[in-house]
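Read off the chains here:
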Amino acid sequence: MISMLRSALFVLLLALAAPAHAAADPAADVILNQYVDAIGGKARLSQIKTRTSKMKISAGWLSVKGESRQQWPDKAQDDISGLGMKMSGGYDGKTAWVKEPAKDPRALQGREAQQFIVGHRLDRMANLPSVYPDRRVLADDMVEGRKVHRVGLTAPGCNEEIWSFDAETHLLVMVEGQKEDFKDGGKLSPIKTTLEDYRDVDGIKLPFRMRGDDGKSKSSIEFESVVHNQPVAISLPDALAGK
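Worth saying up front: this structure is predicted, and the values here are computed from it rather than measured. (Residues numbered from 1 in each chain as written. Predicted model: local features only at pLDDT ≥ 70, side-chain atom pairs only at ≥ 80, totals over all residues. Heavy atoms only, no water.)

## Describing the side chain of Ser220
Step number 1: Topologically, Ser220 is positioned in strand β13 (residues 218-228).
Step number 2: For Ser220, the contacting residues outside a window of four places in its chain are Lys56, Ile57, Ser58, Met210 and Arg211. (Helix = DSSP H or I, 4+ residues; strand = E, 2+ residues; numbered from the N terminus. Contact = heavy atoms within 4.5 Å.)

## Side note on the nonpolar core
Step number 1: Counting residues in hydrophobic clusters, the biggest one holds 40 residues, and the most contacted among them are Tyr35, Leu128, Tyr132, Trp163 and Phe165.
Step number 2: Of all the elements, helix α2 (residues 26-39) adds the most residues to this core, at seven residues.
Step number 3: Excluding residues within four positions of it along the chain, Tyr35 makes contact with Met125, Leu128, Trp163, Phe165, His170, Leu171 and Leu172.
Step number 4: Core analysis: the second largest hydrophobic core is formed by seven residues, Val98, Ala113, Phe116 and Ile117 among them. (Core = buried A, V, L, I, M, F, W, Y, C linked by side-chain atoms within 4.5 Å. Buried < 20%, exposed > 50% of the residue type's maximum accessible area, 1.4 Å probe, protein only.)

## Some details on unusual backbone geometry
Step number 1: Pro73 follows Trp72 through a cis peptide bond whose omega is 0°.
Step number 2: A positive phi is found at His170, a non-glycine position, where the angle reads about 70°.
Step number 3: Mapped onto the elements, His170 comes out in the loop between β9 (161-166) and β10 (172-181).
Step number 4: His170 sits in the partly exposed class, given a relative accessible area of 23%.
Step number 5: A positive phi is found at Asn229, a non-glycine position, where the angle reads about 55°.
Step number 6: Tracing the sequence through the fold places Asn229 in the segment after β13.
Step number 7: The exposure class assigned to Asn229 is partly exposed, which follows from its relative accessible area of 40%.

## Topic: the packing of aromatic side chains
Step number 1: Within the structure shown, the criterion is met by five aromatic pairs.
Step number 2: Measuring from centroid to centroid gives 6.5 Å for Tyr35 and Trp163, while their planes differ by 85°, and the two rings are edge-to-face. Within this pair, whereas Tyr35 is found in helix α2, its partner Trp163 is found in strand β9, the two being separated by 128 residues in sequence.
Step number 3: You can call Tyr35 buried: its relative accessible area is 5%.
Step number 4: For Trp163, a relative accessible area of 2% corresponds to the buried category. (Phe/Tyr/Trp six-rings, centres within 6.5 Å; stacked < 30°, edge-to-face > 60°.)

## Observations concerning the confidence of the model for the protein chain
Step number 1: Overall, the predicted model of the protein chain reaches an average pLDDT of 88, with 87% of residues at or above 70.
Step number 2: Here residues 1-7 is modelled with pLDDT under 50, and outside its nearest four sequence neighbours on either side it reaches 20 contacts, counting other chains as well.
Step number 3: Every residue in residues 10-22 scores below 50 in pLDDT, and together they form 46 contacts with partners more than four places removed in sequence or on other chains. (pLDDT = per-residue confidence, 0-100.)

## Notes on the pairing of strand β11 (residues 187-201)
Step number 1: Across nine bridges, β11 lies against strand β12 (residues 204-213) in antiparallel orientation. Each bridged residue has a counterpart across the sheet, and for Arg199 the counterpart in β12 is Leu206. (Pairing = 2+ DSSP bridges.)

The following block contains the structure:
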C-alpha cells in the first residue's frame, strides 16, 4: 500500500532506463522553448518563489490527501495523510529524506536523493537547459489521437526522461519511462504519466490532473488548489537534524 501511494505522489519523478547523451540538440531547445512560452514564459515562471499544492491521491481503492510545498530554487516537502497514517518526504537544501508510517525518517542518498531533488525543483521549468544539460529530439508520435513532439532529457545523476508535447498547444501531455525501485536493488518497471486539465494560476498554466500507469496498477493525482508566493514550512525531521 505504501509503495502504491509513494508512486502516486511522486508520479513525475520518473527514473528512466535509457542511457545519457553527451550533447544538447538545438532542435530540442526549440520544442522546450515553445513549451515554456505556452505555460507562461521564463520571466513569469521566475517570479514564482513558493508553491503550495493540495491534492487527492488515488491508487486502486485507496484515496488519501496530499500537500506539496516548494521553495525556489529546490527546497520541497510532501506530506500525505489518510487511512490513519502519515508519511512525508522532502529536501531542505542539504538533506533529502523520506518518512514512512511506523518507521524512522530516512535520509536519501545518491541517485535516490538526486531524482527527488530534480523532480521537485520549483525552478526546473524556468531553467530546463541547466537542469537537463543533455537533450535530444525523438521521433514524433501520437498520444490519445493528437500529434506530439518528443524530447529526451537527462539531468546529472539521473536517467533519461521522455517528455511528449502537444504539437498544437505545446503543452506537456505525457512523461514515459521506467520507475526505479531503490528498495529492490534498483529494479526498473515501466510507467507513463499523462498530464491533463491545464488551468491558469497567476499566469502560469499547470496540469490539475495526472494519471499514472505502470501496466499493473493505475494511480491519479487531482489537484484541489495551488497557491503561489505565500510562506511555506519545510522542516527536516528532528531525528535527522545534525546528522
